[in-house]
Amino acid sequence: MIIDCHGHFTTAPPQLAEWRERQIAAADGRAPFPDPDELVITDDDLRRAVGANQLRLMDERGSDLTVFSPRASFMAHHIGDFRVSAMWARICNDLVHRVSTLHPDRFAMGAMLPQSPGADPATCLPELRRAVEELGAVTVNLNPDPSGGSWTAPPLTDRSWYPLYEAMAEYDVPAMIHVSTSCNPAFHTTGAHYLNADTTAFMQLVQGDLFADFPTLRFVIPHGGGAVPYHWGRFRGLAMALGRPDPETLLDNVFFDTCVYHQPGIDLLTQVVPARSLLFASEMIGAVRDVDPRTGRHFDDTRRYVEATPHLTDDDRAAVYSGNALRVYPRLAARLASRPASRPAGRSAGPASAAHPAAVAH
């Protein structure tokens, strides 16, 4: 089985973006706030949104299941206040939940949190609990910079984050460390801000003792860990200078994905980071969607890089493709274990439910 741990609903029906534009206008004082019940997205809309896109590419590229969360750049926590973020997170989470219900063998839900600059992270707890308990989320996305490129939040090791970590430990769910849109023109969203955040988050963990307080807490750092594998010697040297443990000691709690879009990058990642700490991912239909003219294949067709790298054994690949994900996402493992034996992986199960509105509670 091949589990892609990094997918976002980048192909959501256009009604979602239209409703969001109205909400943004209201947050800016230019219009009244829209009613969530005015957002109507049918099950057929959702089937079309993923059928011609994510599902088609999963079948073409040979992946079985994707951990699927709301579009990262759409989280935009810097817009409005906490109430704006709370409603937006609820709507986006409900839609991803519906996709995972329509295609339970192909998608597992990841949830966004209603973070907001300056808001206590504990304000996210109700939505985190709802996502796990009611919607079946197997992970959450945690934004270390809700300000959108200004970096006003304290480090991830700060105790203000601890209420979230306590809940994550309680539910045994990991977090993917994932920022959202950059509103700072110095930082391109996907080319700079995302990779900066991956690198920054890891350095914060090097500097702190978070996992002494939360030994079961697990983070996935996406995009191959940003600059971390490339500069592993720098991080080791800085850890020594700071009197910190070797960064490799973090790798029982910190995992990197394979969203790296060329063969030399995957070769380096798999040479530096032990296979036990790598998760297969593609983030397909994401930041990089074009065909590489040098290869004739899409940049984000990451499975071919994992297959070709000489730094993984067959057992390593099995761990990267699914074994590690089942350790990192135990709620996903439990769900797959409970699946009827007659239902093959990689196929949707049963008739789809009737169409209905977005069904977002006030």
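Predicted model only: the values in this text are computed from it and were never measured. (Residues numbered from 1 in each chain as written. Predicted model: local features only at pLDDT ≥ 70, side-chain atom pairs only at ≥ 80, totals over all residues. Heavy atoms only, no water.)

*Asks:* Could you give an account of the overall build of the protein chain, with specific residues and numbers?
*Replies:* Looking only at helices and strands, one finds 14 helices and 10 strands in the protein chain. Relative to the 2.2 N^0.38 estimate, which gives 21 Å for 362 residues, the radius of gyration of the protein chain is 20 Å and therefore close to what a compact globule would have. Overall size of the protein chain, expressed as C-alpha extent along the three principal axes, is 55 × 45 × 45 Å. Within the span of the protein chain, comprising 362 residues, buried residues form 54% of the whole. Within the protein chain, counting contacts between residues at least 6 apart in sequence, those at least 24 apart form 77% of the total. Accessible area of the protein chain: about 14600 Å², with a carbon and sulfur share of 54%. For the protein chain, the centre of its 32 positive side-chain charges and the centre of its 42 negative side-chain charges are spaced 3 Å apart. (Helix = DSSP H or I, 4+ residues; strand = E, 2+ residues; numbered from the N terminus. Rg over C-alpha atoms; globule rule 2.2 N^0.38 Å. Buried < 20%, exposed > 50% of the residue type's maximum accessible area, 1.4 Å probe, protein only. Contact = heavy atoms within 4.5 Å. Areas by Shrake-Rupley, 256 points an atom, 1.4 Å probe, with all protein chains shown as cover. Lys, Arg positive; Asp, Glu negative; His and termini not counted. Charge placed at Lys NZ, Arg CZ, Asp CG, Glu CD.)

*Asks:* Tell me about helix 10 (residues 232–241), and name the residues and values.
*Replies:* Since there are 3.6 residues in each turn of an α-helix, residues three or four apart along the chain are aligned in direction. Every buried residue of helix 10 is listed here: Trp 232, Phe 235 and Ala 239. With its buried residues spanning 65° around the axis, helix 10 presents them on a single face. Helix 10 presents Gly 233, Arg 234, Met 240 and Ala 241 as exposed residues on the side facing more than 90 degrees away from its buried surface. Where helix 10 is buried, its residues contact helix 8 (189–207) and helix 11 (263–272). (Arc of directions from axis to C-beta.)

*Asks:* Please set out the pattern of salt bridges residue by residue, giving values where relevant.
*Replies:* This structure, assessed with the given rule, holds 21 salt bridges. A salt bridge links Asp 28 to Arg 30; the shortest N-O distance between them is 3.2 Å. Arg 30 matches Asp 28 in its accessibility class, with the two residues each being exposed. With its nearest N and O atoms 3.0 Å apart, the salt bridge here joins Asp 94 to Arg 130. One end of the pair, Asp 94, is in helix 5 (residues 82–102); the other, Arg 130, is in helix 6 (residues 125–133), with 36 residues separating them in the sequence. Ionic contacts of the salt-bridge type, sharing partners, join the residues Asp 94, Glu 127 and Arg 130 into one network. (Salt bridge = Lys/Arg side-chain N within 4 Å of Asp/Glu carboxyl O.)

Treat this as a map of the structure, not an account of what it does.
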